[in-house]
Amino acid sequence: MRVLLVEDEKQLGIEIKDFLEREGYICNWSQNLKDASEKLAINPYDFVLLDLGLPDGNGLDLINEINAYQEDVSIIILTARSEVNDKIEGLQQGADDYLSKPFSLLELKARMQAIARRKGGWNNNLLEIGAFQMDLNSKLVSHGKVEIPLTNKEFRLLHFLMINKNRVLNRFQLAEHLWGDHLDDDHQSNYIDVHIKNIRKKMGALADVDWLETVRGLGYKIRK
């Protein structure tokens with residue numbers, strides 16, 4: 001799951017980013033509106049954690065832009081306790097929740113999980129995909145009573161595509177999800193094609209997998 005953190009306080013930003021990455025999230029960090037806007041234009045996100053008091057403007061100005069680029073993204077406002085009106089305005093503009101500083105990182109994680117459950121997202125234990133079922137607890141994909149022997153990376157890749165249904169993800173984005181900060185070479189992205197081929201072969205032996213589409217010149221997506 002990919003997160004954009006928009007926070008100008010350096011120490012807080014480091015703490016949140018480190019925490020989320022330890023919890024298995026991919027976290028990009030922007031310290032101003034301009035950089036956040038550039039990241040939103042080129043990367044898909046599941047969550048935006050949005051500070052309001054930024055050096056080049058009010059974080060509220062970014063909400064309409066977030067919704068314009070990525071309609072399925074969830075927004076949590078990070079704000080000082082005194083900014084009540086800004087909290088209300090942010091929620092009215094489409095933010096999903098807010099946290100008042102200082103806050104517990106465990107509470108942040110719990111709020112994110114609650115939003116994901118409410119929206120029917122990645123935190124469901126059982127997901128349906130075509131004629132297949134994905135069990136996030138056991139890390140298994142099955143067709144009826146037949147288990148499909150996906151590798152760990154194949155499972156993670158398929159899950160990442162699932163939680164981004166109808167969203168085209170390029171090879172570098174998929175590779176970054178699998179290897180994170182250890183992605184140091186564009187050649188890693190070539191392995192994505194191999195993983196996709198293996199997923200299609202293993203699952204396609206049991207049922208149609210035409211929902212897993214190749215978007216020529218762009219990447220891959222799962223069609224709803």
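Residues numbered from 1 in each chain as written. Predicted model: local features only at pLDDT ≥ 70, side-chain atom pairs only at ≥ 80, totals over all residues. Heavy atoms only, no water.

Asks: Would you mind showing me how to read the environment of Q31 here?
Replies: Mapped onto the elements, Q31 comes out in the loop between β2 (26-30) and α2 (33-42). Accessibility expressed as a relative area gives 36% for Q31, which makes it partly exposed. Linking Q31 and E21, residues 10 residues apart in sequence, is a C-alpha distance of 18 Å. (Helix = DSSP H or I, 4+ residues; strand = E, 2+ residues; numbered from the N terminus. Buried < 20%, exposed > 50% of the residue type's maximum accessible area, 1.4 Å probe, protein only.)

Asks: How do you make sense of the pairing of strand β13 (residues 219-222) when you look at a structure like this?
Replies: Side chains on a regular strand alternate between the two faces of the sheet. Neither face of β13 is open: one carries G219 and K221, the other Y220 and I222, and all of them are buried. The turn linking strand β12 (residues 212-215) back onto β13 is made up of 3 residues, and G217 within it adopts a positive phi angle of 80°. (Pairing = 2+ DSSP bridges.)

Asks: Help me out: how do you make sense of the UniProt feature "modified residue: 4-aspartylphosphate" (unreviewed entry) in the protein in this one?
Replies: Listed under "modified residue: 4-aspartylphosphate" (unreviewed entry) in the UniProt record, and renumbered for this structure, are D51. Within the fold, D51 resides in strand β3 (residues 47-51). Judged by its relative accessible area of 4%, D51 falls in the buried class. When residues no more than four places from it in sequence are discounted, the contact partners of D51 are V6, E7, D8, G59, L78 and K101. (UniProt positions renumbered as here; feature names shortened; annotations may be inferred. Contact = heavy atoms within 4.5 Å.)

Asks: Got a minute to help me understand the sheet that holds strand β1 (residues 2-6) in this structure?
Replies: What holds strands together in a sheet is hydrogen bonding between their backbones, with the strands either parallel or antiparallel. Spatially, the 5 strands line up as an open sheet ordered β2-β1-β3-β6-β7, and their pairing is parallel. With one partner strand each, in any of the chains shown, β2 and β7 (97-101) form the two edges of the open sheet. Averaged over all pairs of adjacent strands, the angle between their axes in this sheet comes to 20°, without regard to strand direction. Sheet topology places strand β6 (residues 74-80) next to β7; 5 bridges connect them, and they run parallel. (Axes fitted to C-alpha atoms, helices over the stretch in contact; angles between N-to-C directions.)

Asks: Would you mind showing me how to read the sheet that holds strand β8 (residues 126-129) here?
Replies: Sheet architecture is open: 4 strands sit in the order β8-β9-β10-β11, paired in antiparallel fashion. The open sheet has two edge strands, β8 and β11 (146-148), and neither has a second partner. Taken over all neighbouring pairs, the strand axes of this sheet differ in orientation by 30° on average, direction set aside. The sheet contact formed by strand β9 (residues 132-135) and strand β10 (residues 140-143) spans 3 bridges and is antiparallel. Considered in β10, the bridge of Q133 is made with S142.

Asks: Could you clarify how one ought to interpret helix α7 (residues 171-179) in this entry?
Replies: An α-helical turn contains 3.6 residues, so any two residues separated by three or four positions project in the same direction. Among the 9 residues in α7, 7 count as buried, and that is most of the element. Those residues of α7 lying buried are Q173, L174, A175, E176, H177, L178 and W179. On its buried face, α7 is in contact with β1, β2, α2, α6 (152-162), α8 (190-204) and β13. Here α7 starts with a cap whose side-chain oxygen sits 3.1 Å from the backbone nitrogen of F172, and that cap is N170. (Polar contact = N/O pair within 3.5 Å; in protein donor to acceptor, adjacent residues only side chain to side chain.)

Asks: Explain the packing of helix α1 (residues 10-22) against helix α5 (residues 105-118) here, please?
Replies: Helix-helix packing is characterised by the crossing angle of the two axes and by the distance between the axes. The N-to-C vectors of α1 and α5 enclose an angle of 55°; their axes lie 11 Å apart at closest approach. The orientation of α1 relative to α5 falls into the category oblique. As α1 runs across α5, the sense of the crossing is right-handed. Side by side, α1 and α5 meet where E15, I16, F19 and L20 of the first sit next to L105, L106, L108, K109 and M112 of the second. For the contact of α1 with α5, the class distribution of residues is 7 nonpolar, no polar and 2 charged. (Parallel < 35°, antiparallel > 145°, perpendicular 65-115°, else oblique. Left-handed = near helix turned anticlockwise from the far one by under 90°. Nonpolar A, V, L, I, M, F, W, Y, C, P; charged D, E, K, R; others polar.)

Asks: Please clarify how unusual backbone geometry should be interpreted in this entry.
Replies: Excluding glycine, a negative phi dihedral is what most residues carry, and trans is how most peptide bonds are arranged. Here K101 and P102 are connected by a cis peptide whose omega angle stands at -10°. Among the structural elements, P102 can be located in the loop between β7 and α5. Unlike most non-glycine residues, K139 shows phi in positive territory, near 60°. With respect to the element layout, K139 can be found in the loop between β9 and β10. Phi is positive for N166, close to 70°, though the residue is something other than glycine. Structurally, N166 can be placed in the loop between α6 and α7.

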